[in-house]
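Residues per chain are reported as follows:
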Amino acid sequence: EGFGLFDWDYKPHYTPANDPENWGLRRERQRRNDCQANALTTCVEVMLHRHRGGVRELSRMFAYQMSEKFGKGIGRDRGSSIHAGVKVARDIGIPLEIEYPYNRYTRSRTQFERWYRPVLESAATRKIVKAIKAPAFSEAVSYVIAGCPIHWASGWPMRWNEDRIVTRYKRRHGSGAHATAI
């Protein structure tokens, strides 16, 4: 009738080599409202590992500030949307952490432009081709088991549109969303 979660042999993909926890990437504590950028770069790192091999640590701060640029504005440190993050990863790409370190947060648009322009060529080598809208839960689990990352957010209460995209993250006492990668 349809594709079931366990209708295929997922076991070859369920290995320590497919687990980003085993890749030796640095663990950093967030010092900003950059959870979306952290989830985004984790997803792109997973995709790069799957398609090109090797481990690359991408710039979370570049992803965050560029997402701010497409969303609420540079330097406001009020978080960013998954839509803005996908636009960054698809249209611009993400440079390596060593090229654009985490401590490069600025509230100045001019300073941001001085910092990001030199790494655009490098960023363009790490773009995603496509992002899909949230699949049904059983299909999403199949993607995860196959080693595909999912970039998602949760908030209270959430309002969803007909395409299963969250359209409101506000709760009574302020913003209430958190992005993560699975």
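Just so you know, these numbers come straight off a predicted model, no measurement behind them. (Residues numbered from 1 in each chain as written. Predicted model: local features only at pLDDT ≥ 70, side-chain atom pairs only at ≥ 80, totals over all residues. Heavy atoms only, no water.)

**Comments concerning the overall build of the chain**
Item 1. For the chain, the helix and strand inventory stands at six helices and six strands.
Item 2. Of all 182 residues assigned to the chain, the portion counted as buried reaches 38%.
Item 3. Across the chain, every contact between residues at least 6 apart in sequence was considered, and the portion connecting residues at least 24 apart equals 68%.
Item 4. Here the chain displays about 11000 Å² of accessible surface, and carbon together with sulfur accounts for 53% of that area. (Helix = DSSP H or I, 4+ residues; strand = E, 2+ residues; numbered from the N terminus. Buried < 20%, exposed > 50% of the residue type's maximum accessible area, 1.4 Å probe, protein only. Contact = heavy atoms within 4.5 Å. Areas by Shrake-Rupley, 256 points an atom, 1.4 Å probe, with all protein chains shown as cover.)

**With respect to helix α6 (residues 137–145)**
Item 1. For α6, the set of buried residues is Ala140, Ser142 and Ile145.
Item 2. Looking at the residues trailing α6, positive phi occurs at Gly147, about 95°.

**A few points about unusual backbone geometry**
Item 1. Even without glycine at this site, Asp77 takes up a positive phi of about 50°.
Item 2. You can see Asp77 is positioned in the loop between α2 (60–70) and α3 (82–92).

**Notes on the packing of aromatic side chains**
Item 1. A full pass over the atoms with the stated rule returns three aromatic pairs.
Item 2. On the basis of an interplanar angle of 80° and a centroid distance of 5.5 Å, the ring pair of Phe62 and Tyr100 is categorised as edge-to-face. With Phe62 in helix α2 and Tyr100 in the loop between α3 and α4 (109–116), this pair connects stretches of sequence that are 38 residues apart.
Item 3. Relative to Tyr116, the ring of Phe112 has its centre 4.7 Å away and its plane inclined at 50°; by these criteria the two rings are tilted. With Phe112 and Tyr116 both in helix α4, this residue pair falls four residues apart, about one helical turn.
Item 4. On the accessibility criterion, Phe112 (1% relative accessible area) is buried.
Item 5. When the ring centre of Phe70 is taken as origin, the NZ or CZ atom of Lys87, which lies over that ring, is 5.0 Å away. (Phe/Tyr/Trp six-rings, centres within 6.5 Å; stacked < 30°, edge-to-face > 60°. Lys NZ or Arg CZ within 6 Å of the ring centre and 35° of its normal.)

**Considerations on the confidence of the model for the chain**
Item 1. Mean pLDDT over the chain stands at 77; residues scoring 70 or higher make up 70%.
Item 2. Counted against residues more than four places away or in other chains, residues 1–6, with its pLDDT under 50, gives eight contacts.
Item 3. When the criterion is pLDDT under 50, residues 168–174 qualifies, and its contacts beyond four places in sequence or with other chains add up to 13 contacts. (pLDDT = per-residue confidence, 0-100.)

**Re the pattern of salt bridges**
Item 1. In the structure shown here, the tally under the stated rule is five salt bridges.
Item 2. Between Arg126 and Glu99 there is a salt bridge whose closest N-O contact spans 3.4 Å. Linking Arg126 in the loop between α5 (120–123) and α6 with Glu99 in the loop between α3 and α4, this pair joins segments that are 27 residues apart in sequence.
Item 3. Its relative accessible area of 8% is what places Arg126 among the buried residues.
Item 4. Between Glu113 and Arg117 there is a salt bridge, and its shortest N-O distance comes to 3.7 Å.
Item 5. Here the residues in one salt-bridge network are Lys87, Arg90 and Asp91, joined through shared partners. (Salt bridge = Lys/Arg side-chain N within 4 Å of Asp/Glu carboxyl O.)

**Quick notes on the side chain of Arg126**
Item 1. Side chain to side chain, Arg126 and Glu99 meet in a polar contact 3.4 Å long.
Item 2. A polar contact is formed between the side chain of Arg126 and the side chain of Thr125, at a distance of 3.0 Å.
Item 3. If near-sequence neighbours (up to four positions away) are discounted, Arg126 is found in contact with Val44, Leu48, Arg52, Arg56, Leu58, Ala89, Gly93, Ile94, Pro95, Leu96 and Glu99. (Polar contact = N/O pair within 3.5 Å; in protein donor to acceptor, adjacent residues only side chain to side chain.)

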